[in-house]
Amino acid sequence: MSANMSRGSRRRKHAVSQLNIMVVGFSSLGKTSFIRMLYNTLCVREYSKEKTELPASLFQSSETAQDAAASSTQELYSFTLDVEEEGEKISLTLVDSPGFVRDNELRLDVQVTEALRYIESQFDHTLAEETKVKRNPKAQDSQIHACLYFIDNTNNGLTDKDIRILKRLTARVNVIPVVAKADLLTTTQLANLKQAIKNDLKEHSIPVFDFPVDDELMDPEVEEVVANAQSFIPFSLIAPEDADLSDPTTGEKIRGRQYAWGIIDCLNPKHCDFVELRNVLLSSHRKLFKDITLEVFYEQYRTERLMARKASKMITKEQKKKLLEDLSEI
Ligand SMILES: Nc1nc2c(ncn2[C@@H]2O[C@H](COP(=O)(O)OP(=O)(O)O)[C@@H](O)[C@H]2O)c(=O)[nH]1
Ligand SMILES: [Mg+2]
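These numbers were taken from a predicted model, which means no experiment stands behind them.

Enquirer: I keep staring at the sheet that holds strand β2 (residues 77–85) and nothing clicks. Help me out?
Expert: Within a sheet, adjacent strands bond to each other through the backbone by hydrogen bonds, running parallel or antiparallel. Taken in spatial order, the six strands line up as β2-β3-β1-β4-β5-β6 in an open sheet, and their pairing is mixed. What marks the edges here is a single partner per strand, and that holds for β2 and β6 (235–236). Looking at chain direction, strand β1 (residues 16–25) and strand β4 (residues 146–151) are connected through five bridges and run parallel. Pairing of Ile 21 across the sheet is with Ala 146, part of β4. The sheet strands contacting helix α2 (residues 31–41) are β1, β2, β3 (88–96) and β4, and the helix crosses β3 at an angle near 160 degrees.

Enquirer: Sorry if this is basic, but what is going on with the pattern of salt bridges here?
Expert: Oppositely charged side chains can pair when the atoms bearing their charge come close. Enumeration according to the criterion identifies 19 salt bridges in this entry. The salt bridge involving Asp 183 is made with Arg 257; its shortest N-O contact spans 3.4 Å. Taken as a pair, Asp 183 in the loop between β5 (175–179) and α7 (187–203) and Arg 257 in strand β9 (residues 256–259) lie far apart in primary sequence, 74 residues in all. Here the salt bridges do not stand alone but share partners, grouping Arg 117, Glu 120, Asp 124, Arg 172, Glu 304 and Arg 305 into one network.

Enquirer: Would you take a moment to explain the pairing of β2 for this structure?
Expert: Working note: regular strand, side chains alternate between the two faces of the sheet. Alignment of β2 against β3, held across nine bridges, turns out to be antiparallel. Across the sheet, residue Tyr 77 finds its bridge partner in β3, namely Asp 96. The antiparallel pairing of β2 with β3 creates a hairpin that spans two residues between the two strands, and Glu 86 there sits at a positive phi of about 50 degrees.

Enquirer: Is there a simple way to think about the coordination of the magnesium ion (ligand 2) in this case?
Expert: A metal bound by six donors in octahedral fashion has ideal angles of 90 or 180 degrees, whereas one bound by four tetrahedral donors has an ideal angle of 109.5 degrees. With distances of 2.0 Å, the protein atoms coordinating the magnesium ion (ligand 2) are Thr 32 (OG1) and Thr 73 (OG1). Taken together, the residues span a long stretch of sequence, with Thr 32 in helix α2 and Thr 73 in the loop between α4 (65–70) and β2 at a distance of 41 residues. You'll find Thr 32 and Thr 73 in the same group, each marked buried.

Enquirer: Honestly, the site of ligand 1 in this entry has me stumped. Any pointers?
Expert: With respect to spatial proximity, 16 residues lie near ligand 1, and among them Ser 28, Lys 31, Ser 33, Ser 62 and Asp 183 are the closest. At 3.1 Å from an oxygen atom of ligand 1 is found a main-chain nitrogen or oxygen belonging to Leu 29. Note that an oxygen atom of ligand 1 is positioned 2.8 Å from one of the backbone N or O atoms of Ala 239. If ligand 1 stood free it would expose 580 Å²; the protein chains cover 90% of that surface. For the shell around ligand 1, the per-class residue count stands at five nonpolar, six polar and five charged.

Enquirer: Help me understand the nonpolar core in this model?
Expert: For soluble globular proteins, nonpolar side chains are generally found buried alongside one another. Among the nonpolar cores identified, the biggest contains 79 residues, and Tyr 149, Ile 176 and Leu 277 are the most heavily contacted of them. Here the element with the most residues in this core is helix α5 (residues 105–130); it accounts for eight residues. If we skip the residues at most four places from it in the chain, Tyr 149 touches Val 24, Gly 25, Phe 26, Phe 100, Asp 162, Ile 165, Leu 166, Leu 169, Val 175, Ile 176, Pro 177 and Val 178.

Enquirer: How should the pairing of β9 be read in this particular structure?
Expert: Sheet topology places β9 next to strand β10 (residues 262–265); four bridges connect them, and they run antiparallel. Across the sheet, residue Gln 258 finds its bridge partner in β10, namely Ile 263.

Enquirer: What is the right way to read the environment of Pro 240 from this model?
Expert: When you line up the elements, Pro 240 lands in the loop between β6 and β7 (245–246). Residues Pro 240 and Arg 305, 65 residues apart in the sequence, show an inter-C-alpha distance of 43 Å. Dropping the residues within four chain positions of it, Pro 240 is found in contact with Met 37, Arg 255, Gly 256, Arg 257 and Cys 266.

Enquirer: Which parts of the structure should I look at to understand the packing of α2 against helix α9 (residues 274–284)?
Expert: The axes of two packed helices give the description: the angle between them and the distance between them. Between α2 and α9, the shortest axis-to-axis distance is 12 Å and the interhelical angle comes to 75 degrees. Taken together, the axis directions place α2 and α9 in an arrangement best described as roughly perpendicular. Where α2 abuts α9, its residues Phe 34, Met 37, Leu 38 and Thr 41 lie against Phe 274, Leu 277 and Arg 278. Among the residues making up the contact of α2 with α9, the classes are represented as five nonpolar, one polar and one charged.

How each quantity is defined
Residues numbered from 1 in each chain as written. Chains lettered and ligands numbered in written order. Predicted model: local features only at pLDDT ≥ 70, side-chain atom pairs only at ≥ 80, totals over all residues. Heavy atoms only, no water. Pairing = 2+ DSSP bridges. Helix = DSSP H or I, 4+ residues; strand = E, 2+ residues; numbered from the N terminus. Contact = heavy atoms within 4.5 Å. Axes fitted to C-alpha atoms, helices over the stretch in contact; angles between N-to-C directions. Salt bridge = Lys/Arg side-chain N within 4 Å of Asp/Glu carboxyl O. Donors = N, O, S within 2.8 Å, 3.2 Å for Na, K, Ca; no water. Buried < 20%, exposed > 50% of the residue type's maximum accessible area, 1.4 Å probe, protein only. Near = heavy atom within 4 Å. Polar contact = N/O pair within 3.5 Å; in protein donor to acceptor, adjacent residues only side chain to side chain. Areas by Shrake-Rupley, 256 points an atom, 1.4 Å probe, with all protein chains shown as cover. Nonpolar A, V, L, I, M, F, W, Y, C, P; charged D, E, K, R; others polar. Core = buried A, V, L, I, M, F, W, Y, C linked by side-chain atoms within 4.5 Å. Parallel < 35°, antiparallel > 145°, perpendicular 65-115°, else oblique.

None of the figures reported here should be taken as evidence of function without further support.
As structure tokens, then:
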């Protein structure tokens, strides 16, 4: 091993990558359940458990409609965990948000604006850090790298509201559309819904994260993984119920849901796309999410802010001049 390589690998070993994921969508579509499920599959590093205060929602699932209404997410909250994924250390922040209302257009717009404000305020942190004379080398990257948008599986594709929300979100963040509670659909229904959503996204030119394939940089093996990931959009999810279940054939404990006719294993790729989604987020596309956030979304936001600042300065100058002229006329 050359000296260079060993230095490189040493650095990589210690480098902790930050990754921040947010969930948004209408209420009771399974956002909090997804966060709980993801949390339960993470390899959380020992010391992280002591220093992090975890939200109660991670430990209480709600199986009845009454429970769900009582424990629905009222406020945006986030928590950060130090996890290890395929030998890499990640400081992972998960952001859960209150569900959008269905019957009040005005309130809905305010809620979407609030979610966007949260995303933009993370860009503001970076902007403030950049303009400091002495930058903090340990500054946290709090930008939202991926935002999961939950789609109601009782519709036949995207609704007008979904389209309006998605257009606003995709201007600021990498959006991954997901369909939760996939256990409530048959295989054919799910396939039809996925196709309808894909068609709607295309028809309305909504630029969700599309797992771009860079021909020049790709080696054939990776290209296959990427093309594969694209085909999952929208990812289907099933969250487990709070019950001790075991695989009827192997007897192994599983995270799943039990029905009169069988048991669903939420980690079985044949049952839903959770494992695939987890993999693109935490491993295969993690760096790409971060690069695009910084190079496309943050750059865009920064340019807009600088131009707005310049414009407001120019207006004040002109206004000042006009005021002086008006005064001299008196
Ligand atoms: N059948 C089914 N129910 C689910 C699934 N995920 C969540 N739920 C239920 O849907 C309700 C709302 O879930 P919650 O995660 O609180 O939704 P949120 O409002 O989007 O955060 C709860 O009663 C959950 O138990 C799923 O994959 N399948
Ligand atoms: Mg919730």
